[in-house]
Every structure is written in structure tokens, then in C-alpha cells.
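# Examining the three-dimensional arrangement
Below are the chains, spelled out letter by letter.
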Amino acid sequence: MINRRKLLKSLTAVPFIGSIWSGNASSFPTEKAISTLAQRDFFKELGVRTFINAAGTYTSMTGSLMPKEVTEAIGYGASQYVNLDDLQDKVGERIAELLDCEYATVTSGCFGAMSIAMAGVLCGNDPEKVKKLPYTQGWANEVIIQEAHQIGYSQALTNVGAKVVLVKTQAELEKAISKKTAMLWYLNANTEQGEIKWDAFVETGKKFGIPTFIDCAADVPPVSNLFKFTKMGFDMVAFSGGKGIRGPQSAGLLLGKRKYIEAARMHTPPRGETIGRGMKVNKEEILGMLVALEMYLQKDHENEWKLWENQIQHISDKATAIVGVSTEIHVPPHANHVPSLRIMWDEKKINISPDALREELRLGHPSIQTVGNKTNVGITTWMMEPGQERIVASRIQEILKRNQNT
Ligand SMILES: *Cc1c(COP(=O)(O)O)cnc(C)c1O
């Protein structure tokens, strides 16, 4: 255990913290001194580099930035006690009203939404079953997924005891359905790759009386997607809170039929003997999520889109000003549906690889994170602060220019 002397020594290593003890080592920081703590440059103090996010919404890059109204709601939440279930109930109703769906709940993210929704489907409202997860032998425990939709995130389903059954075609889907089928799971991001599209998927669920779930984690924008899939008839729809909606990165939304959301809630805190006990969301995230959603719904989406297009065009123009450089502006049809840029060049004319350029951007001042592969550098601007696109554009131009073969 750390002793008091060591503690004080390590605290005084922080340059200005000594002053909060104001000479009297036995007193606690005063309220005034604590407010100075809020001015601390924590990341600098810890030696953790911050960066311009020209990549997108990545968990490894800590997601998105929350508007001030959201962080204020989080601060407000941290200041008083309430009953957790009561708050979830009320916020669930409010979100359902905002999104014109039957019911909703705030989850620990889209992955968390998948786990508790799956758990709810597996156990219904049987409290004895709730305690048994992830052991589901002998139950209806199969979740059917299209092969093209099978990405790592289905671990959220198997974690709670579901077994994945893969299918390719409509005929295979219908053949795979049996007494063991618990749920049909759809990944919106891979709609183009899968043979069975939304309508047929939902219809099949209804025809066989099996609940359908759609993972829409990264599917705002467009804002209409927050309404579209519940209307289409999916029983459960999940979004990440900390991607396009810009809520807490540790929150998400589960929307849909009340009976499934109530069953999912049986696995969440404060209930303890549950598989979801660790997927806690507290009042801070719940309020933060609600306010982020309200802000997102009110935002001028057209204007924002134009801003992103202009930013992408600016970066593209700066890059293509260098001989041998070409760009491609594209918008992914589903998931991360925002103006996006690919920059590529003739390595005979410019003597640096895309990977090396990305590394230079990352190691520079300020640090800039991008995505890409061996053939191009990938950029989005929706997670930037307005104005940062100019820094990104100049840095890219400067590096390309410096590596031109003369
Ligand atoms: C990001 C993502 C998730 C996970 O969402 P979290 O909110 O981080 O839990 C799940 N599915 C897809 C397709 C995603 O893009």
C-alpha cells in the first residue's frame, strides 16, 4: 500500500498541485483548489498524446467528441442520486417518444446492446434462466446470421450463450429455422454483401415468429436511420452512442419492441446475478446519451454535410496540387456514411509509401491519425474540429512535396 509520504511526494511531482495543500499537509483541498484541478492538462501530465482525428469513429481512438451540452448533462448527473431503474424507465420512454418507436433503453454501447438483447431473447422473463447464462444447453439458443454479415461483433451474441448458425440464401435461411432458433441477426453495414436484404429478413422473422435484430452501430448519419429500421419491422435495433450521435463512447441505444427490451433489462444492473452486470451504464451516461440524441436530432444535417464535403474537397485539392497524386471522394452506402477521401500517388514520382506517410502524420506536431492501406491514405473529417482540415491538408501536401523525386 502506498504510504502518505510517498503519496505526497508523487503528488508534488505534479508542478502546481503542491499549492492546493497550501502549506498544511493535513488538510484536504478546498473547493476553490479543486476547481483548479479542472484546469489540469491531464493528457499532457500523463504523457498521453492527443491528436487530430482524420480517421473516423474508432474505439482505439476513443470514439467521438461530445458537445458541451452532453458533458454538462454528465456533470449534472454526477451531482445527485436517483434510482437507477427509475431513471432508465423514464429515459427509455423519452427516447422512444423522440424516435417514435415502442420502447428504448440506454446500453453500454452497441456491443452491450447486442449482448443484453440476446440474453433477453434467450431467457424471456424467466428469472431462473437469467441466472444460468451463458449455459443454454437444451434451450432455443441459435442465432442465424448471413455469412457475409458474420464479423467479429457476433461475439456479443456468443458471449451470452447463443450459438451462431450461418446461412447464405433465403432458402438456406428458411431451412435453418427450427425449434432451436432464438433470433435472426442482421448487420446493416454489410447489407450490400449479403444476399438477403432487410425486407425479406424481417418478413422471414415474422413468418416464423422469430425476433429480428439489426446492428446499426455506425449507421448515423443519416438521421433517418434512427427511425427507419424500427418502422421497417425489426424487433430490436441497436446504435452506438459514441459514434455519429456523439454521446458517451461507453453508451449506446437499444430500440424496439417493449417485450424484448424489458427482457434485456433483466440482465442489467442493478440486478446482480446476471451476465450483463458488468455492462453497467450509470446516470451520467444515461443523461449524456439522452442529451446527445436530442442534440443530434436538432442539428442542421444538410449544413453539416456541406461542411464535410468542403473539408474533404479542400484536402483533396491540396493533395492533388502535387504532380503524381490522385484522389477519390466516396461515401460508403451503409455505416460511416460520410464524405470520405482516398489519396494515392505514383511511387515512382513520390518516394514514400502510404503507410510511411500515415506514420509521419501520426508522429508529427500536431499528431494526425488517418486510416488506409498499402495503396492509399484514407481520411474523413466528421470527427475533426472545424478548421483542423486545413492543418491536415497542409501537412499532407508538405510531406508529399518533400518526397517528390526531382
Ligand atoms: C462500433 C461497432 C460495434 C460496437 O459498438 P460499441 O458502441 O463500440 O459497443 C458493433 N457493430 C458494428 C458494426 C460497429 O461498427
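Residues numbered from 1 in each chain as written. Predicted model: local features only at pLDDT ≥ 70, side-chain atom pairs only at ≥ 80, totals over all residues. Heavy atoms only, no water.

### Remarks on the sheet that holds strand E9 (residues 325-330)
Taken together, the four strands give an open sheet; going across it, the order is E9-E10-E13-E12, and neighbouring strands pair in antiparallel fashion. Single-partner strands in this sheet number two, and they are E9 and strand E12 (371-372). With six bridges connecting them, E9 and strand E10 (residues 340-345) associate as antiparallel partners. Along E10, the bridge assignment pairs Val 325 with Trp 345. Packing against the sheet, helix H15 (residues 354-363) makes contact with E10, E12 and strand E13 (377-380), and its axis sits at approximately 45 degrees to E13. (Pairing = 2+ DSSP bridges. Helix = DSSP H or I, 4+ residues; strand = E, 2+ residues; numbered from the N terminus. Contact = heavy atoms within 4.5 Å. Axes fitted to C-alpha atoms, helices over the stretch in contact; angles between N-to-C directions.)

### Points about the site of the ligand
Looking at the ligand, the residues that line it are Thr 59, Gly 109, Cys 110, Phe 111, Met 114, Tyr 153, Leu 187, Asp 215, Ala 217, Ser 240 and Lys 243. Contact distances for the ligand include 2.9 Å between an oxygen atom and a backbone N or O atom of Phe 111. Looking at the shell around the ligand, its residues break down into six nonpolar, three polar and two charged. (Near = heavy atom within 4 Å. Polar contact = N/O pair within 3.5 Å; in protein donor to acceptor, adjacent residues only side chain to side chain. Nonpolar A, V, L, I, M, F, W, Y, C, P; charged D, E, K, R; others polar.)

### Points about the confidence of the model for the protein
Averaged over all residues, the pLDDT of the protein is 93; the fraction at 70 or higher stands at 91%. In the predicted structure, residues 11-29 sits below a pLDDT of 50 and forms 18 contacts with residues beyond four places in sequence or in another chain. (pLDDT = per-residue confidence, 0-100.)

### Considering the sheet that holds strand E2 (residues 103-107)
Pairing in this open sheet of seven strands is mixed, and the strands run E2-E8-E7-E6-E5-E3-E4 from one edge to the other. Each edge of the open sheet carries a strand with a single partner, namely E2 and strand E4 (163-167). Here the strands of the sheet are splayed against their neighbours by 25 degrees on average, with no regard to which way each runs. In terms of strand pairing, E2 meets strand E8 (residues 252-256) through five bridges, oriented antiparallel. When the bridges of E8 are listed, Thr 105 appears paired with Leu 254. Running over the sheet, helix H10 (residues 198-208) touches strand E3 (142-146), strand E5 (181-187) and strand E6 (212-215) and is turned about 170 degrees from E5.

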